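Listed here are the chains, written in short residue letters.
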Amino acid sequence: MSITVAGLLARPELGLTLLSPGAPGALERSIVWAHQSELDDPMAFSEPDEVLLTTGSLIPGPGSVPGSDATGQEAAGWERYVARLRESRAAALGFGVGVVHQEVPTALLDAAREQGLVVFEVPEALPFSSVIKAVSRAQADEETMRLRRMHVAQRRLIAAAAAPDVSRLLMVRAAEIIGGWAALVQPSGAVSEISHLAARPLAVETAREHAGSGRQVTFSSAEETELCACDVRTPDGDLLGILVTGSRRVGDPVVAAVPVMTSSLLGVSLARTRTGDRTVRSLRGALVTELLDGNLSLGRAVARALWNGLPREPFTVLCATASDEAYDLVAELAPFGPRPRATVAFGEQDDVLWVLVGSDRAPLVADRLRGIGAAVGSSPSTRWPDVASARREASGAMMLERAATHGPRPGGLADRTASSGLKAALAPEPARAFARVALGPLVGEGPEPRSLLATLETWLEADGGIAQTADSLGVHRHTVTRRLKRIEELLGVSLAQPRTQHELWLACTLWATHGPADRAGR
């Protein structure tokens, strides 16, 4: 929070004296700025929550209005003055004495007390600039504290993203930082991770509304809670889920920034996991093909790493139409327990999902697959010497069922690609690929790409400060502005968006670490 009226009055070096406390709560209002005006109607040049400083030089003083109704005219003038300040939603009026008025006019104080305006006296020895500087310094201190909090939040989130259980730990860390809760909701609407179970209904509803908005980030509120929902996407743009956060710290800029940072880190980290899962999926497909071809020795050598072993005889061969949903379903059903008899071996081949499972478990797996719309063929109970025959029977049964109930053969699996990079968690090659995609032409050869990339890195480190960036680079501010516009044109982004800034910051960090050899270690 910026400095309040009460906080300004409490500065001992200023020596300000409160004369009118204003309406209830007025002293706790945050001040956005302080300025001087001697106009008799300052409203046109004032904004809400400002402190106005005046000596009252254009307001009639005692004896300046001739006639018997001088006091009444003076009071009416101050009443209009205070009313206009109240209309402009001024935070307070600071009245400087000793220049025009030796003391704050009684008529002004009467009007202020009646209308609920805070009035304080500025001593003659104190220049108005001291009050303005006090407000400015307080705002600078607040900005420094905000940046420090943001930096600490970034470090905590990046450390969590490098941990093995990245989704769960990022939810926990994000919730701790914002003093609320965080949830990762799948595109289907299921909650995959959540920091506080009580928030599940609100998280699901918020994610549903966000999905229908067509935007990457949405803000809303409910039950005195500030809500934020962000798309979680791979570097290639594939939607992985929706991050939803809730906090009662309304208006805190860190609370607004943390979901954006967390969703970016989740996208990179989950893309890495997705890449690893795809590799395991390919290996399972290759090995299950070997098993169905009768190559049991190879299967036994590596099956424990992929499936916790092979099912014991007798087992059943299931053949089902392949899909991501079917594969994930069998993967969830596979770890029935540590006993070898409970093991399920499965994999995909040519858009068909093969499942080798103990005969006592086969009906359960087949029913669950049919429950999600898959066509399933089943062999009789079999043993390893007869697996080729069981394979043919299961395949024939699946084709008959699909022809009877599912129509034409469905298309193949979608090609899923993801490249990503986290400095502390990814290998150099995927990290380099992520940075190259994000930075595009900025990592090309030639003087312009080098100058643009250096400008972007410096500008991000300066938290968007044009002047600081220009000083660091030794160029004019206009040069920095032109380069930033050029970067937006080349990348097709808006640097004003917090999400874009965080993603480009991550890409610059990864490129500095994992880019070409001439940049490594810089």
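Residues numbered from 1 in each chain as written. Predicted model: local features only at pLDDT ≥ 70, side-chain atom pairs only at ≥ 80, totals over all residues. Heavy atoms only, no water.

(A) Representation of the sheet that holds strand 5 (residues 118-122). Reading across from one edge, 1-5-4-3-2 is the order of the five strands in this open sheet, with mixed pairing throughout. Looking at which strands have only one partner, the edges of the open sheet turn out to be strand 1 (17-21) and strand 2 (33-36). The average undirected angle you get between the axes of adjacent strands in this sheet is 20°. Sheet analysis places strand 2 next to strand 3 (residues 50-54), joined by four bridges and oriented parallel. Considered in strand 3, the bridge of Gln 36 is made with Leu 53. Along the sheet, helix 3 (residues 106-115) makes contact with strand 1, strand 4 (92-96) and strand 5, crossing strand 1 at roughly 50°. The strands touched by helix 4 (residues 128-161) are strand 2, strand 3, strand 4 and strand 5; relative to strand 2, the strand with the most contacts, the crossing angle is about 165°. (Pairing = 2+ DSSP bridges. Helix = DSSP H or I, 4+ residues; strand = E, 2+ residues; numbered from the N terminus. Axes fitted to C-alpha atoms, helices over the stretch in contact; angles between N-to-C directions. Contact = heavy atoms within 4.5 Å.)

(B) How the structure looks around the side chain of Thr 469. With respect to the element layout, Thr 469 can be found in helix 14 (residues 466-473). When its relative accessible area of 0% is taken as the criterion, Thr 469 is described as buried. With residues up to four places along the chain from it excluded, the contact list for Thr 469 reads Thr 455, Thr 458, Trp 459, Ala 462 and Val 480. (Buried < 20%, exposed > 50% of the residue type's maximum accessible area, 1.4 Å probe, protein only.)

(C) Spatial organisation of a nonpolar patch on the surface. Together, Leu 39, Phe 45 and Leu 58 line one region of the surface with nonpolar side chains, adding up to about 320 Å² of accessible area. Tracing the chain through its elements places Leu 58 in the loop between strand 3 and helix 2 (70-87). Classification of Leu 58 by relative accessible area gives exposed; the value is 51%. (Patch = residues over 30% accessible without salt bridge, like charges linked within 9 Å, V, L, I, M, F, W, Y side chains within 5 Å. Areas by Shrake-Rupley, 256 points an atom, 1.4 Å probe, with all protein chains shown as cover. Salt bridge = Lys/Arg side-chain N within 4 Å of Asp/Glu carboxyl O.)

(D) Fine view of the layout of surface pockets. Approximately 570 Å³ is the volume attributed to the second largest pocket. Lining the second largest pocket are 18 residues; nearest its centre among them are Met 150, Gln 154, Leu 460, Asp 463 and His 502. Looking at the lining of the second largest pocket, the elements with two or more residues in it are helix 4, helix 7 (253-292), helix 13 (447-461) and helix 16 (498-514). Counting residues per element, the lining of the second largest pocket draws most heavily on helix 4, at seven residues. (1 Å grid on protein atoms, 1.4 Å probe; cavity = no way out; pocket = protein on both sides within 12 Å on 5 of 7 lines; lining within 4 Å. Points joined across faces, edges and corners; volume = space filled by probe spheres on them.)

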